[in-house]
Amino acid sequence: MDNLNCKSLVSDYSLVYQFLGTFATLGIFFLVLALSNQSLKFPLVGEELGGYNKRRRYYLDNAVELYKQGYKKFKNSIWRITSSDGDVVILPLKYTEELRKIADDIVNNAKALDKLTEAKFTGLKADNPLMIHIIKADLTHNLPKVNQLLTLEVARTVPEELGPCTEWTEVNINQKLLRIVAIVSGHIFIGPELCRSPEYLHASIRFTVDLFTAAARLKRWPRLLRGLVKYFVSELDDVQEHRRAAHEFLKPVLRQRRERAKQGEEMSSDLLQWIIYKADKYDVKTDEEIAEIQLNLSMAAIHTTTMTATHMYVQCSRSPINSNLTDLFTNLSVITSVYDIVGHCPEVIPEIREEIRSVLAANDNIMTTQALFQMKLLDSVMRESQRCNPATPVRLVREVLKTFKFSDGTEIPAGTTIGLPHLSTVQDPEHYPDPLTYNPHRFAKIRSGEAEDPLNYPSREQYQFISVTKENMGFGFGRHACPGRFFAANEIKLICARLLMDYDIKLPDGVKARYPNIVRGNAITPDSTKTIMVKRAAA
């Protein structure tokens, strides 16, 4: 009994010390915050809203408008904004070239991503050298062969998931595309025999949804309270369950592949096998680490692709269309494109179909890498959807680890979060004429010379979907630009081409315009709850 009381007493004191520690930490935090804010003399957008906490709360629901205000007032100078994670210093584009050359031990992107994804609580590891190497050295290098596999998988998966649709059928295109992109990507990531596995698909699709939902819920609270709030965020438990399920699913697969390798059998040529081959070199020792890499690959490919494609569909399809094809990127990309096509310019669909037919005829009816490159109108639609629907108003977000100066003497102190304007940049009339109008031909005409190059780039090919420039950082910029964008672009084009060639699409009756995007904090996404009408096209 004395023993029990003793343990209870120790436990009570432990709780007291925890609370005292929390309050002490809070005090230190707000002191440091006040001092750090005083050290930043750059103008503060939203200062009239009141103190730090008022500005932070306002940001949660009005971030996009605040970024627009800041760009309008201080386009060519430095300013700052209070975000859900503290102050962010926004740099003008003139610093982009200097910024991309600064070493990672001074200005770091991984630390910024950790903050964005609440890595301390979600467990997401932003810095994964093996994954980046596999994408750059193996996936991109093997794109010609990968495209052949993707073409076959797309041809099988799209009709499987959309169904016969012999009559006009209302579908949630986001849900359909999530599965299509997960299966098609999975063919390359984990192999054709496993890419339809219910366990794989559930973990791949839900991992990202639950991870970012958890991060968003945490960000509603001040940073110092998130350690307590985490116990009430059920999605954090779901994220861990997805990790556990992915590991359990992969464990026998990895064991079997290693056994086959010992027997000298011919091995699969997919990302999982490339990871197995190079794991030791990159100090990846456990099956759990390999499972985490697979989940991260799914997060990067599946959800980004689906959203781009969905956005594209609704911009261009105000009325019924009697041909086939839609523009997808990978989940976010595909959804974006779908919404844009259906909502803004259905009249462009016959042109896209004709382009696809003529390109295939010139390439022996094979979707080669060269054939995909030649689909310049489709590429233009994808890039215009990306321009009109940026996922965030700010890009190149970095954590400053060491104080540094730009060449003009401007000093950025250590501990600062910095970023560059993105939404306002891609919608700036100085960069793109009539920027608020969705123009599916915009980039195709610039590349062909039919339209003037508004930015006078050294090459007009810098207006491709995959291109990264300081005026369009949809895929990032510099050495940390998205390494998987070449794979993603090809996958999106293949899915879009198949959709548009095989299906007619339109908005549901009574819907007269593109579905508006959903804005939460600084995240801009297509509305995943909306539907479109789909019908199998006449042969």
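Here the structure is a predicted model, which is why all the values come from computation and not from measurement. (Residues numbered from 1 in each chain as written. Predicted model: local features only at pLDDT ≥ 70, side-chain atom pairs only at ≥ 80, totals over all residues. Heavy atoms only, no water.)

A. Expanded view of the packing of helix α15 (residues 349–362) against helix α17 (residues 376–388). Here α15 crosses α17 at 135°, and the two axes come no closer than 8 Å. Relative to α17, the element α15 lies oblique. Residues Glu351, Ile352 and Glu355 of α15 lie in contact with α17, whose contacting residues are Lys376, Leu377, Leu378 and Val381. A per-class count over the contact of α15 with α17 returns 4 nonpolar, no polar and 3 charged. (Axes fitted to C-alpha atoms, helices over the stretch in contact; angles between N-to-C directions. Helix = DSSP H or I, 4+ residues; strand = E, 2+ residues; numbered from the N terminus. Parallel < 35°, antiparallel > 145°, perpendicular 65-115°, else oblique. Contact = heavy atoms within 4.5 Å. Nonpolar A, V, L, I, M, F, W, Y, C, P; charged D, E, K, R; others polar.)

B. The side chain of Thr417, seen in detail. Tracing the backbone shows Thr417 in strand β10 (residues 417–421). Looking at Thr417, its side chain comes within polar contact range of the side chain of Lys115, at 3.1 Å. A distance of 2.6 Å separates the side chain of Thr417 from the side chain of Glu399, its partner in a polar contact. With near-sequence residues (within four places) excluded, Thr417 lies in contact with Asp87, Val88, Val89, Lys115, Val397, Arg398 and Glu399. (Polar contact = N/O pair within 3.5 Å; in protein donor to acceptor, adjacent residues only side chain to side chain.)

C. Representation of the sheet that holds strand β2 (residues 79–83) in the model. What the 6 strands build is an open sheet, ordered β1-β2-β3-β10-β7-β4; its pairing is mixed. One side of each edge strand has no neighbouring strand; the edge strands of this open sheet are β1 (44–45) and β4 (107–108). As judged from the 3 bridges shared by strand β3 (residues 86–90) and β10, these two strands associate in the parallel manner. In the sheet register, Val88 faces β10, and the bridge partner there is Thr417. The strands touched by helix α2 (residues 52–74) within the sheet are β1, β2, β3, β7 (394–400) and β10, with β2 carrying the most contacts at an inclination of about 150°. Each of β4, β7 and β10 is contacted by helix α4 (residues 109–116), which is oriented at about 110° to β7, the strand it contacts most. (Pairing = 2+ DSSP bridges.)

D. How the structure looks around the pattern of salt bridges. Tallied over the full model, the rule gives 39 salt bridges. Its salt-bridge partner being Glu292, residue Arg243 comes within 2.7 Å of it at the nearest N-O pair. Taken together, the residues Arg243 in helix α11 (residues 234–262) and Glu292 in helix α13 (residues 287–315) connect sequence positions 49 residues apart. For Arg243, a relative accessible area of 13% gives the class buried. The buried category is assigned to Glu292, whose relative accessible area is 12%. The partner of Glu471 in a salt bridge is Lys470, with the nearest N and O atoms 3.2 Å apart. With a relative accessible area of 8%, Glu471 lands in the buried category. The partly exposed category is assigned to Lys470, whose relative accessible area is 32%. Each of Asp85, Glu118, Lys219 and Arg226 takes part in one network of salt bridges that share partners. (Salt bridge = Lys/Arg side-chain N within 4 Å of Asp/Glu carboxyl O. Buried < 20%, exposed > 50% of the residue type's maximum accessible area, 1.4 Å probe, protein only.)

E. Expanded view of unusual backbone geometry. Positive phi values are uncommon outside glycine, yet Asp283 reaches one of about 60°. Inspection of the secondary structure puts Asp283 in the loop between α12 (271–278) and α13. Overall, the relative accessible area of 51% leaves Asp283 in the exposed class. Within the chain, Asp434 stands out as a residue other than glycine whose phi angle is a positive 50°.

F. Structural context of the packing of aromatic side chains. Evaluated as defined, the whole model comprises 11 aromatic pairs. Judged by centre distance (5.9 Å) and plane angle (35°), the rings of Phe189 and Phe487 are tilted. Of this pair, Phe189 sits in helix α8 (residues 173–189) while Phe487 sits in helix α20 (residues 485–502); the two residues are 298 residues apart in sequence, bridging distant segments of the chain. Neither Phe189 nor Phe487 differs from the other in exposure class; each is buried. Aromatic side chains Tyr457 and Tyr463 sit 4.9 Å apart centroid to centroid with 45° between the ring planes, which places their arrangement in the tilted category. Tyr463 carries the same exposure label as Tyr457, and that label is buried. Three or more aromatic residues joined by ring pairs form one cluster here, namely Tyr432, Phe443, Tyr457 and Tyr463. The positively charged end of Lys506 is found above the aromatic ring belonging to Trp168, 4.5 Å away from the centroid. (Phe/Tyr/Trp six-rings, centres within 6.5 Å; stacked < 30°, edge-to-face > 60°. Lys NZ or Arg CZ within 6 Å of the ring centre and 35° of its normal.)

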